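Each chain is listed here by its residues.
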Amino acid sequence: MTNAFEVAAIAAVPDNSMKAFVVNGEKIAVFNLGGKFYAIADTCSHDEASLAEGEIIGSQVECPMHGARFDITTGRNLTLPAVVPVKKYEVKVEGGKIWVVM
Ligand code: FES
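Attention in this report is confined to the structure presented alongside it. (Residues numbered from 1 in each chain as written. Predicted model: local features only at pLDDT ≥ 70, side-chain atom pairs only at ≥ 80, totals over all residues. Heavy atoms only, no water.)

**With respect to a nonpolar patch on the surface**
So, step 1. Taken together, Leu80, Val83 and Val84 make up a surface patch of nonpolar side chains, about 310 Å² in accessible area.
So, step 2. You can see Val84 is positioned in the loop between strand S7 (69-71) and strand S8 (88-94). (Patch = residues over 30% accessible without salt bridge, like charges linked within 9 Å, V, L, I, M, F, W, Y side chains within 5 Å. Areas by Shrake-Rupley, 256 points an atom, 1.4 Å probe, with all protein chains shown as cover. Salt bridge = Lys/Arg side-chain N within 4 Å of Asp/Glu carboxyl O. Helix = DSSP H or I, 4+ residues; strand = E, 2+ residues; numbered from the N terminus.)

**Digging into the nonpolar core**
One broad rule of soluble globular proteins: the nonpolar side chains tend to lie buried together.
So, step 1. Phe31, Leu51, Val61, Phe70 and Ile72 are the most contacted members of the largest nonpolar core, which totals 19 residues.
So, step 2. When residues of this core are traced back to their parent elements, those giving at least two are strand S3 (26-33) and strand S4 (36-41).
So, step 3. When sequence neighbours within four positions are dropped, the list of residues in contact with Leu51 reads Met18, Ile40, Ala41, Asp42, Cys44, Val61, Cys63, Pro64, Phe70 and Val86. (Core = buried A, V, L, I, M, F, W, Y, C linked by side-chain atoms within 4.5 Å. Buried < 20%, exposed > 50% of the residue type's maximum accessible area, 1.4 Å probe, protein only. Contact = heavy atoms within 4.5 Å.)

**Topic: the environment of Tyr89**
So, step 1. Of note, Tyr89 is situated in strand S8.
So, step 2. Measuring from C-alpha to C-alpha, the distance between Tyr89 and Met102 comes to 6.7 Å, with 13 residues separating the pair along the chain.
So, step 3. Sequence-distant contacts of Tyr89, that is, excluding residues within four places in its chain, are made with Glu26, Ile28, Ala39, Ile40, Ala41, Val100, Val101 and Met102.
So, step 4. At 2.4 Å, the side chain of Tyr89 and the side chain of Glu26 are in polar contact. (Polar contact = N/O pair within 3.5 Å; in protein donor to acceptor, adjacent residues only side chain to side chain.)

**Notes on the sheet that holds S7**
So, step 1. The strand order S5-S6-S7 describes an open sheet built from three strands, whose pairing is antiparallel. Each of the sheet's edge strands pairs with one partner strand only, and the pair in question is strand S5 (55-57) and S7. For this sheet the average axis-to-axis angle between neighbouring strands, irrespective of direction, equals 30°.
So, step 2. As paired elements, strand S6 (residues 60-62) and S7 share three bridges and run antiparallel to each other. If you follow Val61 over to S7, its bridge partner there is Phe70. (Pairing = 2+ DSSP bridges. Axes fitted to C-alpha atoms, helices over the stretch in contact; angles between N-to-C directions.)

Below, the structure written as structure tokens:
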């Protein structure tokens, strides 16, 4: 069964930025790309760095520790040293708030 969890007001994640949140006990990184919101697991699949502390490059995020890149829209790993994806979450925007389905 899935539930939608309130994460933050949309103003908490300005355009072209990202922020980490703990939602329902899971660390997630929420991204705002041109007004569209995405969420993936915040913990890098390589060695547990916080992806929200990395850098947004187009629709990718670069891990701050060893530079692996992930697709923000799917969680797919794109470059080494990450060899597995990170979890992607469905995001809804309702009532001026960001919600994540998990
Ligand atoms: S911890 Fe992210 S690339 Fe190593």
